[in-house]
Amino acid sequence: QYSAVDTNPLSVYIMQPIWNKIIEIVPLWIAPNLLTFSGFVMILVNYFLISFYDWDYTASGTSPGLVPTWVWLFSAFTTFCAYALDSIDGKHARRTQSSTPLGELFDHGLDSWATSIFVLSFFSVCSRDNGKTGVSVYTMYIYLSIVLFNFMCSHWEKYNTGVLFLPWGYDISQVVLIAAYLLTGVVGVEVWQKPFLFGYYITDALVILLIGFSLFLSLPQTLYNIHRAHLKRTLKNDSLYEGLLPLVSPLLLFILLTVWVVLSPGNILAKQPRLFLWMVGVAFSNVICKVIICQMSSTQPDLFHWFLFPLALVVYAAISGLLGWMEEAVLAVFTALVTAAHVHYGVCVGRQLSEHLNIYIFSLKKRVQE
């Protein structure tokens, strides 16, 4: 039984009434998963479009104007559409009486991947550090890690309490992203290269807000909800070991990736920031998807996710100098393999649930029993 709580005033009083109006125009024959997947595809299209104009995150800093204005406006449009579709898919499922565990997993699984893609697309707005303005690639890595940490906390919380307390940062971040793209499209990327207040740039303010939300709102709220469930004796896991188990693989993943970033002889993050950060997002998504499935099926996740072992080998080969000049090529191959494995995993799980529940993923029709 899916259980979620949303207490964000922005969501409750502003966005939810908008979604309730939009859902009324969605045809009843459309499957909820089709809405979810359409939103994810729009996020991907936007990401690859921006990547085409700005592969190394320098277009907005060193050579303003390389990214056409219409791309930023298109980014605002696709971000809003993805935000809307992700917000109405559950409503549409209840409206069509088609809520299933497959829909929950499909929604949260794609969200775990989309979270990193949203961030990676935004980095093109502020650009990487060029000595005068922009954000360093190491700040990008930390920024992405914090966002993924917040997402992980929400599902770790659900793993222990059985309730998904929707984080306040989600709606706020989506509105900020849309506003940032619109501002860039209307005013130009130069707005990110000028001091905003007291000598600070807009990007500085966003990083401060992100860290503040994480340390003083998201994490304390997660710990409070778990503590409250403990006092009420409603925790799903009796032991401390079981409760902390989902955190082991994400923590080890972050440690291995950080070691690669810091000790890379070829400074891999600076040379291939987009490729490396994409790999980070995909790896995280696969790890957290296992946690989501375990939470839904009331099972324990493995202590060590399988992805950690090949990653450890690659990291060791890189920092020890065994890869040498091949480090970038190995990163590219490794990223491709990880992405393919993640897509394969998602397809297999989707098909298994589809057959088990006797439903189609993208249709409201029932399967014909053989």
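Here the structure is a predicted model, which is why all the values come from computation and not from measurement.

Rules and cut-offs
- Residues numbered from 1 in each chain as written.
- Predicted model: local features only at pLDDT ≥ 70, side-chain atom pairs only at ≥ 80, totals over all residues.
- Heavy atoms only, no water.
- Helix = DSSP H or I, 4+ residues; strand = E, 2+ residues; numbered from the N terminus.
- Rg over C-alpha atoms; globule rule 2.2 N^0.38 Å.
- Buried < 20%, exposed > 50% of the residue type's maximum accessible area, 1.4 Å probe, protein only.
- Core = buried A, V, L, I, M, F, W, Y, C linked by side-chain atoms within 4.5 Å.
- Contact = heavy atoms within 4.5 Å.
- Expected span 1.5 Å × (residues − 1).
- Axes fitted to C-alpha atoms, helices over the stretch in contact; angles between N-to-C directions.
- Parallel < 35°, antiparallel > 145°, perpendicular 65-115°, else oblique.
- Left-handed = near helix turned anticlockwise from the far one by under 90°.
- Nonpolar A, V, L, I, M, F, W, Y, C, P; charged D, E, K, R; others polar.
- Salt bridge = Lys/Arg side-chain N within 4 Å of Asp/Glu carboxyl O.

(A) A look at the overall build of the protein. Helix and strand counts for the protein come out as 12 helices and two strands. Helices and strands appear in the protein in the N-to-C order β-α-α-α-α-α-β-α-α-α-α-α-α-α. For the protein, whose C-alpha radius of gyration is 21 Å, the value lies close to the compact-globule estimate of 21 Å for 370 residues. Structurally, the protein occupies a C-alpha span of about 60 × 50 × 50 Å along its principal axes. Taken across its 370 residues, the protein has 49% of its residues classed as buried.

(B) Spotlight on the nonpolar core. Phe122, Phe123, Leu253, Trp260, Phe276 and Leu311 are the most contacted members of the largest nonpolar core, which has 90 residues in total. Per-element tally for this core: the top contributor is helix H4 (residues 101-126), with 13 residues. Here Phe122 is in contact with Tyr143, Leu177, Ala180, Tyr181, Trp192 and Leu206, once residues within four sequence places are set aside.

(C) Seen up close, helix H12 (residues 327-357). Counted at 1.5 Å a residue, the expected span for H12 with its 31 residues is 45 Å, and the 44 Å between its end C-alpha atoms agrees. Along H12, the residues that are buried comprise Glu327, Leu331, Phe334, Thr335, Val338, Thr339, His342, Val349, Gly350 and Ser354. On its buried side, H12 packs onto H4, helix H8 (240-263), helix H9 (268-271), helix H10 (273-297) and helix H11 (308-319). Phi turns positive, to about 60°, at Asn358, one or two residues after H12.

(D) Highlighting the packing of H4 against helix H5 (residues 137-161). The N-to-C vectors of H4 and H5 enclose an angle of 165°; their axes lie 9 Å apart at closest approach. On the basis of their axis angle, the class for H4 and H5 is roughly antiparallel. Note on packing geometry: the crossing formed by H4 with H5 is right-handed. In this structure, H4 uses Glu104, His108, Asp111, Ser112, Thr115, Ser116, Val119, Leu120, Phe122 and Phe123 to contact H5, whose residues at the interface are Met140, Tyr143, Leu144, Val147, Leu148, Phe151, His155 and Lys158. Of the residues contributing to the contact of H4 with H5, the split by class is 10 nonpolar, five polar and three charged.

(E) Structural view of the pattern of salt bridges. Taken as a whole, this structure holds one salt bridge when the rule is applied. The closest approach of N and O atoms between Lys158 and Glu104, which form a salt bridge, is 3.2 Å. Residue Lys158 is located in helix H5, and its partner Glu104 is located in helix H4; the two are separated by 54 residues in the primary sequence.

Function-wise, these values are silent; they only describe arrangement.
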